[in-house]
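Fold and contact review
Take a look at the letters that make up each chain.
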Amino acid sequence: MRRVVLVGGMLLVFGVMKLPAERALTLQHRQLQFADIANLDLREKLGQLGFIAALSGFRAVVADFLFIEAHAAWERTEWGRVLFLFRQVTTLQPHVPLFWDMAAWHMAWNASTAAMNDTSQPRMALRVKAQREYFGLGKDFLEHGIKNNPDKPLLYEALARLYADKLNNHERASEFYDNAARLPGAPTFDRRFSAYELSYCEGHERDAYERLRGLYDEGEKERLPTLIKRLKFLEDKLAIPPEQRILDAIP
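Right, let's walk through the structure included here. (Residues numbered from 1 in each chain as written. Predicted model: local features only at pLDDT ≥ 70, side-chain atom pairs only at ≥ 80, totals over all residues. Heavy atoms only, no water.)

Here's the deal with the overall build of the protein
- Within the protein, the secondary structure is distributed over 14 helices and 0 strands.
- Along its sequence from the N terminus, the protein presents helices and strands in the succession α-α-α-α-α-α-α-α-α-α-α-α-α-α. (Helix = DSSP H or I, 4+ residues; strand = E, 2+ residues; numbered from the N terminus.)

Encoded structure:
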């Protein structure tokens, strides 16, 4: 809310600047079709926009304005413009994890779902292709975000969710939750989620079991329904002797 109020106030001051900036964005957007926007080299192209240099002293304000524009484009389901604007936002403010997280969410969750449900495209194979391209764009945002903010658990967690929910790669999801858990100030759930994801990986059952059992043995605060369920699954799969099994009932 504070950012929105700040942007509203600053826009009154920069009203004269707003139109040239919008014209530059619109012109660039028309010149770059979606296929070009998806190109990973676009970040370098966008860095050449003259208005960014002209407004370099107001990067945060311009980024907030463009973030609001991206939200409006999302409401209109203009996915190419959403992508274009978030490229601008994250270029202007690379050390704000929220911007990278929101950009990835719009691409990997919202735009990918819209692509799969696009009835104007009769060929399912092309819908799937478009969906996976949006997954890739979300992943790219998060990877770049982590490079710019290597000490922020939020982005590692977001990339872990993307691997788990969209790319069906539980091993990589476990790895990124583990990376998040090692950072100062990381939520306690990151350790659990890392172990949960590992429990879905063929060949890693023993490691997952030991990690989950270690969490269980820490006490009641860790004995959550999902942990108990995954631990009992692994006890069966690994044929853990009855006397070594936990006594909790499956929730």
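Focus: the packing of helix H9 (residues 124-148) against helix H10 (residues 153-165)
- Interhelical geometry of H9 versus H10 gives an angle of 155° and a closest axis separation of 9 Å. Regarding the angle of H9 to H10, the classification is roughly antiparallel. In this structure, H9 meets H10 at a crossing whose hand is left-handed. Listed contacts from H10 to Phe135, Gly138, Lys139, Leu142, Glu143, Gly145 and Ile146 of H9 are Leu155, Tyr156, Ala158, Leu159, Leu162 and Tyr163.
- Grouping the constituent residues of the contact of H9 with H10 by class yields 9 nonpolar, 2 polar and 2 charged. (Axes fitted to C-alpha atoms, helices over the stretch in contact; angles between N-to-C directions. Parallel < 35°, antiparallel > 145°, perpendicular 65-115°, else oblique. Left-handed = near helix turned anticlockwise from the far one by under 90°. Contact = heavy atoms within 4.5 Å. Nonpolar A, V, L, I, M, F, W, Y, C, P; charged D, E, K, R; others polar.)

Quick notes on the packing of helix H8 (residues 97-116) against H10
- At a minimum axis distance of 10 Å, the contact between H8 and H10 shows a crossing angle of 10°. With respect to each other, H8 and H10 are oriented roughly parallel. For the pair formed by H8 and H10, the contact residues are Pro97, Leu98, Trp100, Asp101, Ala108 and Trp109 on the first element and Leu154, Leu155, Ala158, Arg161, Leu162 and Asp165 on the second.
- The residue inventory of the contact of H8 with H10, partitioned by class, reads 9 nonpolar, no polar and 3 charged.

Brief notes about the packing of aromatic side chains
- If you walk through the whole model with that rule in mind, you get 8 aromatic pairs.
- Judged by centre distance (5.1 Å) and plane angle (40°), the ring pair of Phe189 and Phe193 falls under tilted. Remark: Phe193 and Phe189 occur in helix H12 (residues 189-198); sequence separation between them is 4 residues, near one turn of the helix.
- For Phe193, a relative accessible area of 30% translates into the label partly exposed. (Phe/Tyr/Trp six-rings, centres within 6.5 Å; stacked < 30°, edge-to-face > 60°. Buried < 20%, exposed > 50% of the residue type's maximum accessible area, 1.4 Å probe, protein only.)

Some thoughts on the pattern of salt bridges
- All told, the structure shown has 17 salt bridges when counted by the stated rule.
- Its salt-bridge partner being Arg213, residue Asp217 comes within 3.1 Å of it at the nearest N-O pair.
- Connected through salt bridges with shared partners, the residues Arg191, Arg192, Glu218, Lys221 and Glu222 form a single ionic network. (Salt bridge = Lys/Arg side-chain N within 4 Å of Asp/Glu carboxyl O.)

Remarks on the environment of Leu234
- With respect to the element layout, Leu234 can be found in helix H14 (residues 225-237).
- By relative accessible area, Leu234 is classed as buried at 0%.
- Sequence spacing of Leu234 and Ala208 is 26 residues, and the spatial spacing of their C-alpha atoms is 8.1 Å.
- For Leu234, the contacting residues outside a window of four places in its chain are Ser199, Glu205, Ala208, Tyr209, Leu212 and Ile240.

A word on the nonpolar core
- Ranked by internal contacts, the top residues of the largest apolar core, which has 42 residues, are Leu66, Phe86, Met107, Tyr134, Phe141, Leu142 and Phe176.
- If you list the elements that add at least two residues to this core, you get helix H6 (59-75), helix H7 (79-92), H8, H9, H10 and helix H11 (170-181).
- Sequence-distant contacts of Met107, that is, excluding residues within four places in its chain, are made with Trp79, Val82, Leu83, Ser112, Tyr134, Leu137, Gly138 and Phe141.
- Core analysis: the second largest hydrophobic core is formed by 15 residues, Leu212, Leu227, Leu231 and Leu234 among them. (Core = buried A, V, L, I, M, F, W, Y, C linked by side-chain atoms within 4.5 Å.)

What to know about the side chain of Asn149
- Position of Asn149 relative to the elements: it lies in the loop between H9 and H10.
- Engagement of the side chain of Asn149 in a polar contact is seen with the backbone oxygen of Pro94, the distance being 2.9 Å.
- In this view, Asn149 contacts Pro94, His95, Val96, Pro97, Trp100, Leu155 and Tyr156; residues no more than four positions away in its chain are not counted. (Polar contact = N/O pair within 3.5 Å; in protein donor to acceptor, adjacent residues only side chain to side chain.)

So far we have only geometry, and geometry alone does not tell us how the molecule works.
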